[in-house]
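# Structural characterization, general
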Amino acid sequence: MTLKTRRILFFIFLAVFIPSSAGIIFYSQGWRFNFETFAIQKTGAIYIETQPKDVLIKIDQKFFTDKSGIIQKGTLITNLLPKNYQIEIQKDGYFLYHKNITVKPSLVTEAVEIVLIPMDFKNELKISKNLKGEKFIDFSADASKIIIKNSKNNIYYLYNLNNQSSLNISNLFENMTGKNIKKIAFHPLELNKLIIESNIPDALYIIDVNRLKSEIILKNSKESSLIAWSAENSNIYYIEQNIGLKIKNYQLIDFNLIAKTKSKIANLPSDNDSYTAVKSSANGRFLAVLNTLGNIYLFDSRKGIFKQIAHDAKFFAFSPDEKKIAFLDNDGKLNIYFLEEWTRNIFKKYGETIGFNSENKELIKSFYWYEDSAHLFVQQKSVDFMEIDERLPLNRYPIVKEIEDFYYDWKSGFTYYLKDAKLYFSS
């Protein structure tokens, strides 16, 4: 067969884009002569989306320019023979992105939600004077205030990031109530208020730091005891234990901060072990609870049922898009549980889980979901930015090193960290 004949046998290619709720489903139709097998084969394609744009795309040893712009979000590379490809995304000043991609006949394989990280990550000093604590506790809804804890003396401080003022909340609370702080969080609706759980006897207060007023909203009694809580949206979700029963009984309860009313959501599964955490997804559809055994139970408010999704977890967090929940096992494995079908980059059904093992896994302190719900900030002694695409290699980039604590606020898009008693931030 002559070279001219081979070129003639090169085919027609057609790509069809069909919108879907999860993004875009790509189909490709075309044929190409394979010089290795000397046969005509159906071709496929790769669709790539990156942040930022204007990148250089390398597939095996061939380079392609980024065609994304105002009209189209990404770059479609067509006429690829079905096989495994190594892609590389390059941009000056950024870490390289690598991924092994399998192209299949008549399909377009996605490599989307790619976030490139600058090699020189710009951080700015937020508070110039030395902080009085070393651990982040909470950020206000508008990210203008933070609560920091000094673990040595168990004192909580409220910092205003706009004027750099600080307030000893522990002293304020003790003067107002005569009690110490067991747990504290910002009121989700009113910036000048805090929600504080006191120590023995346990009670839950709302404290107005401007008017210096306190209000008890929940209090332990002879019949019931507050176990764990979190303040989200316009609600406080908490776990209550009924006292005096032969079998331990726990209830999941919702306290509405606007109406000041409480309502029972459901009875919790009974493992004869207490619960340590409760959290809600952003829209309140899903609730998850963690007990001392490491079991995570997921409650779907639409179905009204619990489902166990973990057996040895330390902590967990819902993704901003409410389609996933991440949890860390005691053995250091980081897991992603899918709350609905997922078709971006990888295909996962509802209820499936993928896991990632890390080096120095015993040192993982915390993690935060990035705003796109496709990446995590993972905190050890340093902080890494990690994708949740299980196709190899796993792209994980350093953000900051040798820090005391880290916090990411996905609503504002800012990262904060403590180092050498100073507070830094970056976008």
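Refer to the structure above for everything that follows.
Below, the structure is looked at part by part. (Residues numbered from 1 in each chain as written. Predicted model: local features only at pLDDT ≥ 70, side-chain atom pairs only at ≥ 80, totals over all residues. Heavy atoms only, no water.)

### A look at the nonpolar core
Note the threshold: Only buried residues count toward a nonpolar core, which is a set of Ala, Val, Leu, Ile, Met, Phe, Trp, Tyr and Cys residues joined through side-chain atoms within 4.5 Å. The cut-offs for exposure are 20% and 50% of the maximum accessible area for each residue type, with area from a 1.4 Å probe on protein chains only; residues under the lower value are buried, those over the upper are exposed, and the others partly exposed. Residue contacts are counted whenever heavy atoms from the two residues lie within 4.5 Å of one another.
Membership of the largest hydrophobic core comes to 32 residues, with the highest contact counts inside it found for Ile 46, Ile 48, Ile 57, Ile 59, Ile 89, Phe 377 and Ile 399. Setting aside residues up to four positions removed in sequence, Ile 399 forms contacts with Ile 117, Phe 121, Phe 377, Val 383, Asp 384 and Phe 385.

### Regarding unusual backbone geometry
Worth spelling out the cut-off: The way it works is that DSSP assigns letters per residue, a run of H or I at least four long becomes a helix, a run of E at least two long becomes a strand, and they are numbered from the N terminus.
Going from Gln 51 to Pro 52, the amide bond is cis rather than trans, its omega being -5°. Looking at the element boundaries, Pro 52 is found in the loop between β4 (44-51) and β5 (56-59). Positive phi values are uncommon outside glycine, yet Glu 322 reaches one of about 65°. Following the sequence through the fold, Glu 322 ends up in the loop between β28 (313-318) and β29 (324-329).

### Examining the environment of Pro 393
Structurally, the position occupied by Pro 393 is in the loop between β34 (383-387) and β35 (396-400). For the pair formed by Pro 393 and Lys 99, sequence separation is 294 residues and the distance between their alpha carbons is 5.6 Å. When neighbours within four sequence positions are excluded, Pro 393 is seen to be in contact with His 98, Lys 99, Asn 100 and Glu 387.

### Things to note about helix α2 (residues 169-177)
Structurally, the α-helix is built with 3.6 residues per turn, so residues lying three or four positions apart point the same way. Put simply, the test is: Here the arc refers to the set of directions running from the helix axis out to each C-beta atom. Definition of a polar contact: a pair of N or O atoms within 3.5 Å, with one able to donate and the other able to accept a hydrogen when the atoms are protein atoms, and with sequence-neighbouring residues admitted only if both atoms are side-chain atoms.
Turning to α2, its buried residues are Ile 169, Ser 170, Leu 172 and Phe 173. For α2, the arc enclosing every buried residue in end-on projection is 165°, short of the 170-degree limit, so these residues lie on one face. Structurally, α2 contributes buried residues whose contacts are with β14 (155-160), β15 (166-168), β16 (181-186), β17 (193-198) and β18 (203-208). Capping the start of α2, Asn 168 holds a side-chain oxygen 3.1 Å from the backbone nitrogen of Ser 170, two or three residues further along.

### Regarding the packing of aromatic side chains
How two aromatic rings sit relative to each other is given by the distance of their centres and the angle of their planes. Quick reminder of the rule: Between rings of Phe, Tyr and Trp, where Trp is taken as its six-membered ring, a pair exists when centres lie within 6.5 Å; planes separated by under 30 degrees are stacked, by over 60 edge-to-face, and by other angles tilted. A ring is scored as having a charge over it whenever the NZ atom of a lysine or the CZ atom of an arginine sits within 6 Å of its centre and within 35 degrees of its normal.
This model, assessed by the stated rule, comprises 22 aromatic pairs. Where Tyr 337 meets Tyr 350, the ring centres are 6.5 Å apart and the plane angle is 75°; that geometry is what we call edge-to-face. Taken together, the residues Tyr 337 in strand β30 (residues 334-338) and Tyr 350 in the loop between β30 and β31 (353-356) connect sequence positions 13 residues apart. The class for Tyr 337 is buried, based on a relative accessible area of 2%. Measuring from ring centre to ring centre gives 5.1 Å for Tyr 370 and Phe 385, while their planes differ by 85°; the resulting arrangement is edge-to-face. Note that Tyr 370 is positioned in the loop between β32 (366-369) and β33 (375-379) and Phe 385 in strand β34, a separation of 15 residues in sequence. Both residues of the pair, Tyr 370 and Phe 385, count as buried. Ring-pair connections join several aromatic residues into one group, and the members of that group are Phe 136, Phe 139, Tyr 368, Tyr 370, Phe 377, Phe 385, Phe 406, Tyr 407, Tyr 408, Phe 414, Tyr 416 and Phe 425. The residue whose ring lies beneath Lys 126 is Phe 425, and the NZ or CZ to ring-centre distance is 4.7 Å. Over the face of the ring belonging to Trp 342 we find Lys 324, whose NZ or CZ atom lies 3.5 Å from the ring centre.

### Observations concerning the sheet that holds strand β10 (residues 108-115)
Put simply, the rule is: Strands qualify as paired when DSSP identifies two bridges or more between them. To obtain each axis, a line is fitted to C-alpha atoms, and for helices this fit is confined to the stretch in contact; angles are then taken between N-to-C directions over 0 to 180 degrees.
Here we have three strands laid out as an open sheet, ordered β7-β4-β10, and mixed in their pairing. Two strands lie at the open edges of the sheet, namely β7 (75-80) and β10, each paired on one side alone. In this sheet, neighbouring strand axes are inclined to one another by 15° on average, regardless of whether the strands run parallel or antiparallel.

As far as function goes, none of this settles anything; it's purely spatial.
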